[in-house]
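Each chain is listed here by its residues.
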Amino acid sequence: MSQDVIMLGIESSCDETAAAVVRNGREVLSNVISSQIDIHTLYGGVVPEIASRKHVERVNQVIEEALSEASVSLQDITAVSVTYGPGLVGALLVGVGTAKALAYGLHKPLVGVHHIEGHIAANYIEHPELEPPFLCLVVSGGHTHLVRVEEYNKFQIIGCTHDDAAGEAFDKVARAIGLGYPGGPKVDRLAREGNPHAIEFPRAKVGGSELDFSFSGLKSAVLNYLNGCRMKGEEIHAADVAASFQQAVVDVLVDRTVRGARKLGETKIAVAGGVAANSALRRAMEQACQEEHLTLYHPSPVYCTDNGAMIGVQGYYEYMAGIRHGLDLNAVPSLAIGQRGCL
Ligand code: KG4
Ligand code: ZN
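Structure report, in brief.

Cut-off values and rules
- For every chain, the first residue of the written sequence is number 1, and numbering continues from 1 along that sequence.
- Labels are handed out in written order, letters beginning with A for the chains and numbers beginning with 1 for the ligands.
- A pLDDT threshold of at least 70 governs which residues receive local features in this predicted model, and a stricter bar of 80 or more applies before side-chain atom pairs are shown or counted, although totals over entire chains, interfaces and linings include all residues.
- Only hydrogens and water are removed before side-chain values are computed, so all heavy atoms of the structure are retained for them.
- Water is not part of the atom set, so a site may look incomplete; the donors themselves are N, O and S atoms within 2.8 Å of the metal, or 3.2 Å for Na, K and Ca.
- What counts as a helix is a DSSP run of H or I of at least four residues, what counts as a strand is a run of E of at least two, and both are numbered from the N terminus.
- Residue exposure (1.4 Å probe, protein chains only): buried if accessible area is under 20% of the type maximum, exposed if over 50%, otherwise partly exposed.
- Should DSSP find at least two bridges between two strands, the strands are regarded as paired.
- Inter-axis angles, ranging from 0 to 180 degrees, are taken between N-to-C directions of lines fitted to C-alpha atoms, where helices are fitted over the stretch in contact.
- For this analysis, residues touch if any pair of their heavy atoms sits within 4.5 Å.
- Only buried residues count toward a nonpolar core. Its members are Ala, Val, Leu, Ile, Met, Phe, Trp, Tyr and Cys residues joined through side-chain atoms within 4.5 Å.
- A clockwise path from the first strand over the helix to the second, with the strands pointing away from the viewer, defines a right-handed crossover.
- Any residue with a heavy atom positioned within 4 Å of a molecule or strand is treated as near that molecule or strand.
- Between N or O atoms, a polar contact is any pair within 3.5 Å; within protein, one atom must be a potential hydrogen donor and the other a potential acceptor, and residues adjacent in sequence are included only when both atoms are from side chains.
- Any residue with an atom within 4 Å of a point lines the site, the site being either a cavity, points on a 1 Å grid over the protein atoms alone where a 1.4 Å probe fits but cannot get out, or a pocket, an open set with protein on both sides within 12 Å along at least 5 of 7 lines.
- Put plainly, a molecule is in a cavity or pocket when over half of its atoms are within 2 Å of the grid points there.
- Under the grouping applied here, Gly and all other residues not named as nonpolar or charged are polar, the nonpolar ones being Ala, Val, Leu, Ile, Met, Phe, Trp, Tyr, Cys and Pro and the charged ones Asp, Glu, Lys and Arg.
- In this entry, domain limits derive from an automatic or database-based domain assignment.
- Note on definitions: salt bridges are taken to be side-chain nitrogens of Lys or Arg within 4 Å of carboxyl oxygens of Asp or Glu.

Turning our eyes to something else, we now look at the coordination of the zinc ion (ligand 2). Within the protein, the atoms that donate to the zinc ion (ligand 2) are His-115 (NE2), His-119 (NE2) and Asp-306 (OD), at distances of 2.0 Å. In the primary structure, the donors to the zinc ion (ligand 2) are separated according to the pattern H-x3-H-x186-D. In this pair, His-115 and His-119 are both assigned in helix α4 (residues 115-126), four residues apart and thus about one turn of the helix distant. Here His-115 matches His-119 in class, with each residue buried.

Below, the structure is given as structure tokens:
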């Protein structure tokens with residue numbers, strides 16, 4: 001084991017306290033996730049103050065479980081990697097503070113990881129053949145980006161949302177049709193019983209770039225549709241609304257990805273982030289990539305949503321590139337992709 005790079009990955013940017021042990025960047029020895037969904041469900045969304053407090057309660061135990069499942073001791077760890085942004089500042093600080101304490105106490109290197117770069121890296125876990133360059137559609141609760149992954153730690157954003165992120169739209173529409181938090185998986189499930197062509201919701205185009213996204217108009221169209229039905233006393237078929245909304249999101253995500261691939265001449269496509277777990281998006285992407293002769297990569301659902309393994313994987317590539325952070329590493333809530341405040 002001494003030749004191996006054993007990375008501890010810690011993630012606490014939103015509502016999952018997560019830790020994982022990753023060997024040589026590709027092999028996940030453990031991946032422990034403590035979700036706070038139950039408590040935030042009571043409030044209809046993530047309450048930042050509660051999220052921070054729950055991370056404090058859980059983080060040490062989650063790390064201990066990750067080490068024990070991987071059968072490694074703290075001394076076996078080569079380095080500690082941690083999400084330092086973007087995310088909720090109080091939540092990020094718990095992971096960052098814990099990682100700093102471990103790195104200091106163990107005299108091990110500390111590697112800060114960008115959360116979205118971690119999401120992208122989740123694709124390496126189950127696809128040993130995948131290497132940059134490739135095009136990645138990143139769709140999470142806070143981000144919707146089309147990213148050209150040029151090298152393991154070199155990224156170029158070629159498209160982004162002008163307003164809501166895709167996951168945010170799922171969460172807001174879920175709330176409007178009474179499904180509650182977390183919206184994405186609930187819309188996904190309900191949509192299976194609905195007709196995706198029942199209601200024609202808009203597929204927004206953004207002036208200026210054919211690779212950008214906009215979901216706020218779609219969200220408003222769904223809200224207007226629901227209000228219209230209520231005012232006219234018409235029955236709302238929630239499954240049809242969910243399926244038609246989801247279809248509109250999926251159509252736009254697939255369209256921009258295919259355009260991006262054509263424009264850049266990319267042949268390898270990856271998807272990442274919580275919304276990448278969406279079953280309709282996965283099906284539509286598979287079909288489009290087949291038609292366009294593109295090779296599609298996507299992580300299993302557990303690696304799409306927030307987890308420590310993705311941070312351990314990206315942490316490995318940062319570590320191998322010589323990136324080290326000092327004990328002054330801070331949480332950066334709006335950290336831009338590709339931007340590093342490292343030593
Ligand atoms: O990547 P993630 O776990 O956290 C962020 O970095 O934001 O993504 C969470 C988002 C939420 O908006 C959630 O509703 C959405 O991903 N999501 C889904 C599905 N699973 C999670 N959206 C659509 N379909 C799903 N199956
Ligand atoms: Zn995330």
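Before going further, it helps to examine the sheet that holds strand β2 (residues 16-23). Taken in spatial order, the five strands make up an open sheet running β3-β2-β1-β4-β5, and their pairing is mixed. Two strands bound the open sheet, and with one partner strand each, they are β3 (27-35) and β5 (110-114). Pairwise comparison of adjacent strand axes, ignoring direction, gives a mean angle of 20° for this sheet. Contacts from helix α3 (residues 89-106) reach β1 (6-11), β4 (79-85) and β5 within the one sheet, and its direction differs from that of β4 by about 155°. Sheet strands in contact with helix α11 (residues 309-320) are β1, β2, β3, β4 and β5, and its direction is about 125° off that of β1.

This part takes up the pairing of strand β8 (residues 154-160). Across six bridges, strand β7 (residues 144-151) lies against β8 in antiparallel orientation. Bridge pairing in β8 places Glu-151 opposite Lys-154.

On to the sheet that holds strand β9 (residues 268-272). The five strands lie next to each other as β8-β7-β6-β9-β10, forming an open sheet whose pairing is mixed. Across the chains shown, the open sheet's two edge strands, defined by having one partner strand only, are β8 and β10 (295-297). Within the sheet, the average angular offset between the axes of one strand and its neighbour, ignoring direction, is 25°. In the packing of helix α8 (residues 238-264) onto the sheet, contacts are made with β6 (134-139), β7, β8 and β9, and the angle to β6 comes to roughly 160°.

The next point concerns the nonpolar core. If you look at soluble globular proteins, the nonpolar side chains tend to sit buried side by side. Within the largest apolar cluster, 48 residues are counted, with the highest numbers of intra-cluster contacts made by Phe-201, Phe-215 and Phe-245. Counting only elements with at least two residues in this core, the list comes to β6, α5 (166-176), α6 (183-191), α7 (216-232), α8, β9 and α9 (279-291). No other element matches the 13 residues that α8 contributes to this core. Sequence-distant contacts of Phe-215, defined by excluding residues within four places in its chain, comprise Thr-144, Thr-161, Asp-163, Asp-164, Ala-165, Ala-166, Ala-169, Val-249, Val-252 and Leu-253. Residues Val-5, Ile-120, Val-138 and Tyr-303 belong to the second largest nonpolar core, which totals 32 residues.

On to the pairing of β9, then. With respect to burial, β9 is a largely interior element, four of its five residues being buried. The pairing of β6 with β9 spans four bridges and is parallel. Across the sheet, Leu-137 pairs through a bridge with Val-271, a residue of β9. Crossover handedness for the path β9 to α9 to β10: right-handed.

Glancing now at the site of ligand 1. Around ligand 1, the structure places 18 residues, and the nearest of them are His-119, Gly-141, Asp-171, Gly-184 and Asp-188. The separation between an oxygen atom of ligand 1 and a polar main-chain atom of Gly-141 is 2.8 Å. Taking Asp-188, its side chain carries an N or O atom lying 2.9 Å from a nitrogen atom of ligand 1. Among the detected pockets, ligand 1 sits in the largest pocket. If you list the elements that add at least two residues to the shell around ligand 1, you get α4, α5 and α6. When its residues are assigned to classes, the shell around ligand 1 shows four nonpolar, 11 polar and three charged. Here the shell around ligand 1 spans two domains, and each of domain 1 (6-122 + 304-320) and domain 2 (131-298) adds at least three residues to it.

With that settled, consider the pattern of salt bridges. This structure, assessed with the given rule, holds 17 salt bridges. For the salt bridge of Glu-150 with Lys-154, the shortest nitrogen-to-oxygen distance reads 3.6 Å. Two residues, Arg-203 and Glu-200, come together in a salt bridge whose shortest N-O distance is 3.7 Å. Look at Glu-200 and you get exposed, because its relative accessible area is 65%. One salt-bridge network, in which partners are shared between bridges, spans Arg-148, Glu-150, Lys-154 and Glu-266.

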